[in-house]
Amino acid sequence: MMKNRVKMEELDEQTRVTHFLEVACGYQEDEAVFEASRCLDCKNPRCVDACPVEIDIPGFIKAIKERDFAHAYRVITEDNILPSICGRVCPQESQCEGACIVGIKNEAVSIGALERFVGDYACEHIKTKKVDVKKLGYKVALVGSGPASLACAAVLIDHGVDVDVFEALHDYGGVLMYGIPSFRLPKDIVKEEIQVLKDKGVMFHKNVLVGKSITLDELKEEGYKAIFLGTGAGLPSALGIPGEHASGIYYANEFLTRVNLMGSNNFPSFKTPVKIGQKVAVIGGGNVAMDAARTARRLGASEVFILYRRDMDSLPARKEEVHHAIEEGIDFRLLESPVMFEEEHYQVKSVKTEVMKLGDLDQSGRRRPVGTKEYRVHQVDSVIVAIGQSPNPIVKRATPELQTDKWGRIVTNDQGETSIKDVYAGGDIVLGAATVILAMGAGKKAAFEMLKKFGH
Ligand code: FAD
Ligand code: SF4
């Protein structure tokens, strides 16, 4: 008889909105072994083809079945240095698990949960050593410390290249640290997985804003053979509607950074409060919108609602995040698009929306929302705009010869190299706001291209 998927334990929805502890509790050893036993060890594993970094999924699952968790970790980390993180945040349902053969008749093997189990096991039980390979005698500078740079660093250090990571903020990890909230991705986990790179010998430097503190030319003068730009997409997109500059309207990145990085949920211990009131509208339907809405609930707002211009099936957020948001009482007001904000004494008071209906398919393959000229008004104390991010512009401003497209994304060739010789780029700065694993894939690819060019 076909075995059913092992459900992961979760914190109950009433108490979890009162704190920022992780909602999904992870598998215990026996649960992981049982779930692993559902894998058919396919000869032509479709899950691997669907993984952007092509992890040997049946290989690591087999090792779990045999209770050799250290080996499972070795298998995963040949292709992915951040298993605890990716196991938690990758959109598995549209990647590996979406392709899993077991999923045709039953629920797919829970590949993400197993990956997370192995990563967490390693954090607790495996001590990483400094990489013991012949040094190649050159060094590379990585700009930004998000998943693109971390994946690039892992490949380079393992091959004997000296690596320096320069980060503008006072903590490492990019969006993993300042964007994704700790109830979904605990910050200790991010720190542990970055520690693996530190232990291997990667050097990290914080509070260095490349383009201001130091230019690309100056980095080259300091002897870096190549530079990788993994500066991400942290610039918020605006709605461009009347009233958007009223007090009480936040952009999701700023809001989440204030909580995740500046501890505004711990006021007065941290002196950076964020005031949101009781009624909060979150505009957007992606992971960022879900994170912002669930964070607002945890800050004490009693009525949090998502305004999204398409329907429930079109929400781009991971299914699990939508499910958790609903459990936590987030209301979904769908097929509505904001047209203006009303303010009183400069403070936002309401958001007016136009009711939409779905028309023909657009370029993204989704049905285009079309206005109906019917309007609604929602009373609010604050609004969080989460409709997307654009590439960080600082390096481009300081380096005009760096070619970008009309959206400000850095243009690269097939090797990941930019218009400037020996300067590579990857992740959100090239793709626009994408995913952790795509950023990692780009970082990894750029590292192998550098090794090909400069020697390995
Ligand atoms: P980033 O993670 O953005 O890192 C870039 C780093 O570069 C930052 O630390 C920044 O401070 C630094 N930097 C920028 N400019 C400079 C400079 N001039 N000098 C030095 N440093 C600089 N993806 C998923 O797969 N699953 C999810 O569930 C998910 N949820 C998300 C939730 C939120 C709230 C957000 C914002 C994004 C989410 N994403 C998710 C998207 C994912 O996090 C990004 O695609 C990914 O982090 C991109 O990685 P990156 O390395 O390109 O850039
Ligand atoms: Fe196992 Fe599913 Fe991958 Fe087949 S497709 S190897 S069953 S995880």
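Anything mentioned here points back to the structure above.
Notes on the structure in this doc start here. (Residues numbered from 1 in each chain as written. Chains lettered and ligands numbered in written order. Predicted model: local features only at pLDDT ≥ 70, side-chain atom pairs only at ≥ 80, totals over all residues. Heavy atoms only, no water.)

## A short note on the overall build of the chain
- If you tally the helices and strands in the chain, you get 18 helices and 15 strands.
- Its C-alpha atoms give the chain a radius of gyration of 23 Å, within 12% of the compact-globule value 23 Å for 456 residues.
- Reported as C-alpha extents along the three principal axes, the dimensions of the chain are approximately 65 × 65 × 50 Å.
- Sorting the 456 residues of the chain into buried and exposed places 53% on the buried side.
- A separation threshold of at least 6 residues defines the contact pool for the chain, and within that pool the share at least 24 residues apart is 69%.
- Here the chain displays about 20900 Å² of accessible surface, and carbon together with sulfur accounts for 51% of that area.
- Averaged over its 58 positive side-chain charges, the chain has a centre that lies 2 Å from the centre of its 64 negative ones. (Helix = DSSP H or I, 4+ residues; strand = E, 2+ residues; numbered from the N terminus. Rg over C-alpha atoms; globule rule 2.2 N^0.38 Å. Buried < 20%, exposed > 50% of the residue type's maximum accessible area, 1.4 Å probe, protein only. Contact = heavy atoms within 4.5 Å. Areas by Shrake-Rupley, 256 points an atom, 1.4 Å probe, with all protein chains shown as cover. Lys, Arg positive; Asp, Glu negative; His and termini not counted. Charge placed at Lys NZ, Arg CZ, Asp CG, Glu CD.)

## As for the site of ligand 1
- Neighbouring residues of ligand 1: 38 residues in total, closest Val-89, Glu-167, Arg-184, Val-210 and Asp-428.
- Contact distances for ligand 1 include 2.7 Å between a nitrogen atom and a backbone N or O atom of Val-89.
- Between Ala-434 and ligand 1, the recorded distance is 3.2 Å, taken from a backbone N or O atom to an oxygen atom.
- Contact with the protein chains covers 96% of the free accessible surface of ligand 1, which is 1000 Å². (Near = heavy atom within 4 Å. Polar contact = N/O pair within 3.5 Å; in protein donor to acceptor, adjacent residues only side chain to side chain.)

## Some points on helix H8 (residues 111–125)
- Given a rise of 1.5 Å per residue, 15 residues ought to cover 21 Å, and the 21 Å separating the end C-alpha atoms of H8 matches this to within 8%.
- The complete set of buried residues in H8 reads Ile-111, Gly-112, Ala-113, Leu-114, Glu-115, Arg-116, Phe-117, Val-118, Gly-119 and Ala-122. (Expected span 1.5 Å × (residues − 1).)

## Considering the pairing of strand E10 (residues 336–344)
- Bridge analysis of E10 against strand E11 (residues 347–361) gives 8 bridges, and the strand direction is antiparallel. Counted as the bridge partner of Pro-338 is Thr-353 from E11.
- Hairpin connection from E10 to E11: 2 residues lie between these consecutive antiparallel strands, with His-345 at a positive phi of about 50°. (Pairing = 2+ DSSP bridges.)

## A closer look at the side chain of Asp-362
- Within the secondary structure, Asp-362 is located in the loop between E11 and strand E12 (367–379).
- Reaching out from Asp-362, the side chain makes a polar contact with the side chain of Arg-310 at a distance of 2.7 Å.
- The contacts of Asp-362, once residues within four sequence positions are left out, are Arg-310 and Arg-368.

## Remarks on the pattern of salt bridges
- Under the counting rule described, the total for this entry stands at 36 salt bridges.
- Ionic pairing is found between Lys-200 and Asp-158, a salt bridge with its closest N-O pair at 2.8 Å. Placement of Lys-200 in helix H11 (residues 187–200) and of Asp-158 in helix H9 (residues 147–158) is noted, with a sequence separation of 42 residues between them.
- For Lys-200, a relative accessible area of 14% translates into the label buried.
- On the basis of relative accessibility, which here comes to 32%, the residue Asp-158 falls in the partly exposed class.
- Three or more residues are tied together by salt bridges with common partners; here these are Arg-16, Arg-184, Asp-291, Arg-294, Arg-298, Arg-318, Glu-320, Glu-321, Glu-327 and Glu-328. (Salt bridge = Lys/Arg side-chain N within 4 Å of Asp/Glu carboxyl O.)

## A short note on a nonpolar patch on the surface
- Together, Leu-40, Ile-101 and Ile-104 line one region of the surface with nonpolar side chains, adding up to about 290 Å² of accessible area.
- Structurally, Ile-101 can be placed in the loop between helix H7 (96–99) and H8. (Patch = residues over 30% accessible without salt bridge, like charges linked within 9 Å, V, L, I, M, F, W, Y side chains within 5 Å.)

## Structural notes on the environment of Val-208
- Tracing the backbone shows Val-208 in the loop between strand E3 (203–205) and helix H12 (216–221).
- Residues Val-208 and Leu-169, 39 residues apart in the sequence, show an inter-C-alpha distance of 7.4 Å.

## Description of the nonpolar core
- Grouped together as the largest cluster of nonpolar side chains are 79 residues, with contacts concentrated most on Ile-57, Phe-60, Ile-64, Leu-156 and Met-450.
- Residue contributions to this core reach at least three from each of two domains, namely domain 1 (13–125) and domain 2 (139–234 + 390–453).
- Ignoring any residue separated from it by four or fewer positions in sequence, one finds Met-450 in contact with Tyr-138, Val-140, Cys-152, Leu-156, Ala-226, Ile-227, Phe-228, Tyr-424 and Gly-455.
- If you look at the next biggest cluster of nonpolar residues, it comprises 29 residues, including Val-23, Tyr-250, Val-280 and Ala-317. (Core = buried A, V, L, I, M, F, W, Y, C linked by side-chain atoms within 4.5 Å. Domains from an automatic or database assignment.)

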